[in-house]
Amino acid sequence: MSERNESTAVAARGQSVVERIAAPHSGPVPFSVEFFPPRDEAAEARLWRAVRVFERMNPAFVSMTYGAGGTTRDRTVRIAGELATETTLLTIAHLTAVNHSIDELRALVGAYADKGIVNLLALRGDPPGDPLGTWTKHPQGVEYASELVELIDSLGDFHTGVASFPEGHHRSPDLASDTENLVRKLRAGAEYSVTQVFFDVDDYFRLRDRVVAADPEQGAKPLIPGLMPITSLATARRMTELSGSTIPADVEKRLVEAAGDGPEEDKAAIRQVGIDLCTEMAQRLIDEGAPCLHFCSLNFTKATSEVLERIGIDTRGALERASV
Ligand SMILES: Cc1cc2nc3c(=O)[nH]c(=O)nc-3n(C[C@H](O)[C@H](O)[C@H](O)COP(=O)(O)OP(=O)(O)OC[C@H]3O[C@@H](n4cnc5c(N)ncnc54)[C@H](O)[C@@H]3O)c2cc1C
């Protein structure tokens, strides 16, 4: 890292997500990128190529999700640490309560802190294997994300965010109790939330309205929309199925029409519609005051870069450099 980048990185490290998204930014809105832990060395190399492409675009922050498996977990902690120490990026580490005792959670938070990571996304996580299956708390662990927020807060000077769900979490009996839970997590000390990926912008605005109505103070905290340009119908269907969310009928219709009725679906047309849809959503979110746009990159760069460019964010020629 150059000397200048080194000092930018050090300055970025101690900042909070809320500070970063409130700071002056060059495009129409701050944006952020989510990565997931690679399973092997080849995937790790691809992740790093994506990291370096996005780094040039100066995102407000990047985040690294947290998986259920032991080896992947170790790799996740290592790579999140490297993101924080070897790039200029403000890094959020996701943390879940799955299969962890409170002592292990404490140790994990400590491991992140040692790498200078002070921004954590506190999540309950899903049962490994079947995300929609029965949730079982670790006997010495925590039951809900709100308890994880409190635990992290008790351990030092951290900045914590939580998950929110424009369509309601699949385990919540109704939208009212789902909103209550988000408010509970914010009151517990979370400074912002990042939403599950959604495809109907009105769901996001309705969630925002519900939180403001339930508690104006908590409703003033940033509600960061999660976006993902659809590039494959099968991936989008699987992702929504696993997270208990939906693809709205009109979106599905546009994608199915793009797929065509030939023997092979028209992948390029699906991708184009997916990027158009994401751009339209991003534009409406900007117009109506979303504080930041969070892109689930799946460790790819091209589709997200295309959306960013179309909404007026300087991608610094990333599209020419991006290989995937
Ligand atoms: C932005 C984002 C990032 C994510 N990253 C990851 C990741 O890195 N790794 C991963 O494994 N998963 C991740 N997830 C998925 C997430 O872990 C699951 O959706 C999980 O099922 C819910 O997590 P939560 O933190 O919202 O749980 P909670 O807030 O604990 O809520 C879980 C359910 O319990 C209910 N509930 C909560 N508190 C109470 C209470 N006191 N009384 C009664 N009911 C209550 C809620 O209404 C909800 O239905 C992410 C989700 C999002 C939106």
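Predicted, not measured: the structure shown is a model, and the values here were computed from it. (Residues numbered from 1 in each chain as written. Predicted model: local features only at pLDDT ≥ 70, side-chain atom pairs only at ≥ 80, totals over all residues.)

A. Highlighting the pairing of strand 7 (residues 223-227). With respect to burial, strand 7 is a largely interior element, 5 of its 5 residues being buried. The alternating pattern of strand 7 places Leu223, Pro225 and Leu227 and Ile224 and Gly226 on opposite faces, both of which are buried. Relative to strand 7, strand 6 (residues 192-197) runs parallel, the two sharing 3 bridges. Bridged to Val194 within strand 7 is Ile224. When strand 7 meets strand 8 (residues 293-296), the two strands line up parallel, connected through 2 bridges. If you follow Gly226 over to strand 8, its bridge partner there is His294. (Buried ≥ 20, exposed ≤ 12 C-beta atoms within 10 Å, placed from the backbone. Helix = DSSP H or I, 4+ residues; strand = E, 2+ residues; numbered from the N terminus. Pairing = 2+ DSSP bridges.)

B. Representation of the nonpolar core. Judged by nonpolar contacts, the single largest core of 85 residues is most densely connected at Ala80, Leu95, Leu120, Ala122, Leu148 and Leu293. Not counting residues within four places of it along the chain, the set of residues in contact with Ala80 comprises Met64, Thr91, Ala93, Tyr112 and Ile117. (Core = buried A, V, L, I, M, F, W, Y, C linked by C-beta atoms within 7 Å. Contact = placed C-beta atoms within 7 Å.)

C. Spatial organisation of the pairing of strand 5 (residues 159-164). Of all the 6 residues making up strand 5, 6 are buried; the element is thus mostly covered by neighbouring parts of the structure. Bridge analysis of strand 4 (residues 119-123) against strand 5 gives 4 bridges, and the strand direction is parallel. Within strand 5, the residue paired with Ala122 across the bridge is Val162. Read from strand 4 through helix 6 (residues 145-154) to strand 5, the crossover connection turns out right-handed. Here strand 5 pairs with strand 6 via 4 bridges, running parallel. Bridging across to strand 6, Val162 finds its partner in Ser193. (Right-handed = clockwise from strand over helix to strand, strands pointing away.)

D. Examining the site of the ligand more closely. What surrounds the ligand is a group of 23 residues, the closest being Thr65, His94, Arg124, Ala145 and Ala163. Elements supplying a minimum of two residues to the shell around the ligand: strand 3 (91-96), helix 6, helix 7 (175-187) and strand 6. In terms of residues, the shell around the ligand owes the most to one element, helix 7, which gives 4 residues. (Near = placed C-beta within 6 Å.)

E. Up close: the environment of Ser172. Note that Ser172 resides in the loop between strand 5 and helix 7. Sequence separation between Ser172 and Val256 is 84 residues, and the spatial gap between their C-alpha atoms is 30 Å. In this view, Ser172 contacts Ser177, Asp178 and Asn181; residues no more than four positions away in its chain are not counted.

F. How the structure looks around the environment of Leu123. The residue Leu123 is located in strand 4 in this model. Taking the C-beta count within 10 Å as the criterion, Leu123 has 21 such neighbours and is therefore assigned buried. Taking the C-alpha atoms as reference, Leu123 lies 10 Å from Thr160; in sequence the two are 37 residues apart. The residues contacting Leu123, other than those within four sequence positions of it, are His94, Leu95, Thr96, Ala145 and Ala163.

G. Main features of helix 12 (residues 267-287). The terminal C-alpha atoms of helix 12 lie 30 Å apart, and with 21 residues this matches the ideal 30 Å at 1.5 Å per residue to within 8%. Along helix 12, the residues that are buried comprise Ile270, Val273, Gly274, Cys278, Met281, Ala282 and Leu285. Those residues of helix 12 hidden inside the fold are in contact with helix 8 (201-214), strand 7, helix 10 (233-243), helix 11 (249-259), strand 8 and helix 13 (302-310). Phi turns positive, to about 85°, at Gly289, one or two residues after helix 12. (Expected span 1.5 Å × (residues − 1).)

H. Local environment of the packing of helix 11 against helix 12. In contact at an axis separation of 8 Å, helix 11 and helix 12 are set at 150° when each is read in the N-to-C sense. If you check the angle between helix 11 and helix 12, you find them roughly antiparallel. You can see that helix 11 and helix 12 cross each other, and the crossing is right-handed. Of helix 12, the residues touching helix 11 (which contributes Val251, Arg254, Leu255, Ala258 and Ala259) are Ala269, Ile270, Val273 and Leu277. In terms of residue class, the contact of helix 11 with helix 12 is built from 8 nonpolar, no polar and 1 charged. (Axes fitted to C-alpha atoms, helices over the stretch in contact; angles between N-to-C directions. Parallel < 35°, antiparallel > 145°, perpendicular 65-115°, else oblique. Left-handed = near helix turned anticlockwise from the far one by under 90°. Nonpolar A, V, L, I, M, F, W, Y, C, P; charged D, E, K, R; others polar.)

I. Structural detail: the packing of helix 7 against helix 8. In the contact formed by helix 7 and helix 8, the axes pass within 10 Å of each other and the chain directions differ by 65°. In terms of axis orientation, helix 7 runs roughly perpendicular to helix 8. Taken as a pair, helix 7 and helix 8 cross one another with a handedness that is right-handed. Touching Leu175, Thr179, Glu180, Leu182 and Val183 of helix 7 are Arg210, Val211 and Ala214, all from helix 8. For the contact of helix 7 with helix 8, the residue count by class is 5 nonpolar, 1 polar and 2 charged.

J. Just the sheet that holds strand 6, in detail. Taken together, 8 strands build a closed barrel; the order of strands is 1-2-3-4-5-6-7-8 and the barrel is parallel. If you compare each strand with its neighbour and ignore which way they point, the axes differ by 30° on average.

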